[in-house]
Amino acid sequence: MNGLEFHISEAQHCYNERQYEQSLEHSQKAIALDAANTDAHLIAGLAYYATDHLDKCIKHFEQCISKVKKTLGYWEQYAFALLIEKHIPKAIKQFENIITHHPTNNVVWYNYG
């Protein structure tokens, strides 16, 4: 396992254990090794969301948006972060895209409305 893989693995483990500060430390080290690594950005975005640093969450989610959109929960977190941070047009667009891809999800409809 190389340094990048180690830090991503540790970031994920710490995130799963709700050790968000440690998760962020490892995510940032992974990003320092490979700034384009989508796994590191996803974990950082999730940890920032969990610690209510939504501006940073948005920044990292946007670095790995294709991964975010593959998991409904992550995509919803991104849309909520945009909404709370007052990026209203972008938030609306994300909720509309989520509804297009998940039209039977009542929670998304409720939050969109």
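The structure under discussion appears in the preceding block.
Read on for a plain summary of the structure. Because the structure is a prediction, the values reported are computed rather than measured.

Once that is clear, we can look at the overall build of the protein chain. For the protein chain, the count of helices and strands is eight helices and zero strands. When the helices and strands of the protein chain are read in sequence order from the N terminus, they spell out α-α-α-α-α-α-α-α. Over its C-alpha trace the protein chain gives a radius of gyration of 14 Å, about what one expects of a compact globule, namely 13 Å for 113 residues. Principal axes of the C-alpha set define a box for the protein chain whose edges measure 45 × 25 × 25 Å. Taking all 113 residues of the protein chain together, the buried fraction comes to 40%. Of the contacts made within the protein chain by residues no fewer than 6 positions apart, 40% connect residues no fewer than 24 positions apart. Here the protein chain holds 10 positive side-chain charges and 13 negative ones, and the gap between their average locations is 6 Å.

Here the focus is the packing of helix H3 (residues 38-50) against helix H6 (residues 72-84). For the pair H3 and H6, interaxial distance at closest approach is 11 Å and the crossing angle is 55 degrees. One element, H3, and the other, H6, form an angle in the oblique class. At the point where H3 passes H6, the crossing takes the left-handed sense. Here Leu42, Leu46 and Tyr49 of H3 lie close against H6, whose contacting residues are Tyr74, Gln77, Phe80 and Ala81. Across the contact of H3 with H6, the residue classes tally to six nonpolar, one polar and no charged.

Turning our attention to a nonpolar patch on the surface. Taken together, the side chains of Leu83, Ile84, Ile88, Ile92, Trp109 and Tyr112 present a nonpolar region at the surface, about 510 Å² in accessible area. When residues of the nonpolar patch are traced back to their parent elements, those giving at least two are H6, helix H7 (88-101) and helix H8 (106-112). You can see Ile92 is positioned in helix H7.

This brings us to the packing of helix H4 (residues 54-63) against H6. Two elements in contact, H4 and H6, have axes separated by 9 Å at closest approach and are oriented at 135 degrees. By the criterion of interaxial angle, the relationship of H4 to H6 is oblique. Considering how the two elements wind past one another, H4 and H6 form a crossing that is left-handed. On H6, the residues that touch Leu54, Cys57, Ile58, Phe61 and Glu62 of H4 are Tyr74, Gln77, Tyr78, Ala81, Leu82 and Ile84. Taken together, the residues that form the contact of H4 with H6 break down as nine nonpolar, one polar and one charged.

What follows deals with the side chain of His60. Tracing the backbone through its elements, the reader meets His60 in helix H4. Residue contacts for His60: discarding those within four places in its chain leaves Gln28, Ile31, His41, Ala44, Gly45 and Tyr48.

Looking now at unusual backbone geometry. Of note, Arg18 is a non-glycine position whose phi angle comes to about 60 degrees, a positive value. Structurally, Arg18 can be placed in the loop between helix H1 (3-16) and helix H2 (20-33). Positive phi, normally seen in glycine, also occurs at Lys86, with a value near 70 degrees. Within the secondary structure, Lys86 is located in the loop between H6 and H7.

This part is about H2. Between the first and last C-alpha of H2 there are 20 Å, a value that for 14 residues agrees with the 20 Å anticipated at 1.5 Å per step. All of the buried residues along H2 are Tyr20, Ser23, Leu24, His26, Ser27, Ala30 and Ile31. Seen end-on, H2 carries its buried residues on one side only, within an arc spanning 165 degrees. Away from the buried face of H2 by more than 90 degrees, exposed residues Ala32 and Leu33 are located. Where H2 is buried, its residues meet H1, H3 and H4.

Rules used in this analysis
Residues numbered from 1 in each chain as written. Predicted model: local features only at pLDDT ≥ 70, side-chain atom pairs only at ≥ 80, totals over all residues. Heavy atoms only, no water. Helix = DSSP H or I, 4+ residues; strand = E, 2+ residues; numbered from the N terminus. Rg over C-alpha atoms; globule rule 2.2 N^0.38 Å. Buried < 20%, exposed > 50% of the residue type's maximum accessible area, 1.4 Å probe, protein only. Contact = heavy atoms within 4.5 Å. Lys, Arg positive; Asp, Glu negative; His and termini not counted. Charge placed at Lys NZ, Arg CZ, Asp CG, Glu CD. Axes fitted to C-alpha atoms, helices over the stretch in contact; angles between N-to-C directions. Parallel < 35°, antiparallel > 145°, perpendicular 65-115°, else oblique. Left-handed = near helix turned anticlockwise from the far one by under 90°. Nonpolar A, V, L, I, M, F, W, Y, C, P; charged D, E, K, R; others polar. Patch = residues over 30% accessible without salt bridge, like charges linked within 9 Å, V, L, I, M, F, W, Y side chains within 5 Å. Areas by Shrake-Rupley, 256 points an atom, 1.4 Å probe, with all protein chains shown as cover. Salt bridge = Lys/Arg side-chain N within 4 Å of Asp/Glu carboxyl O. Expected span 1.5 Å × (residues − 1). Arc of directions from axis to C-beta.

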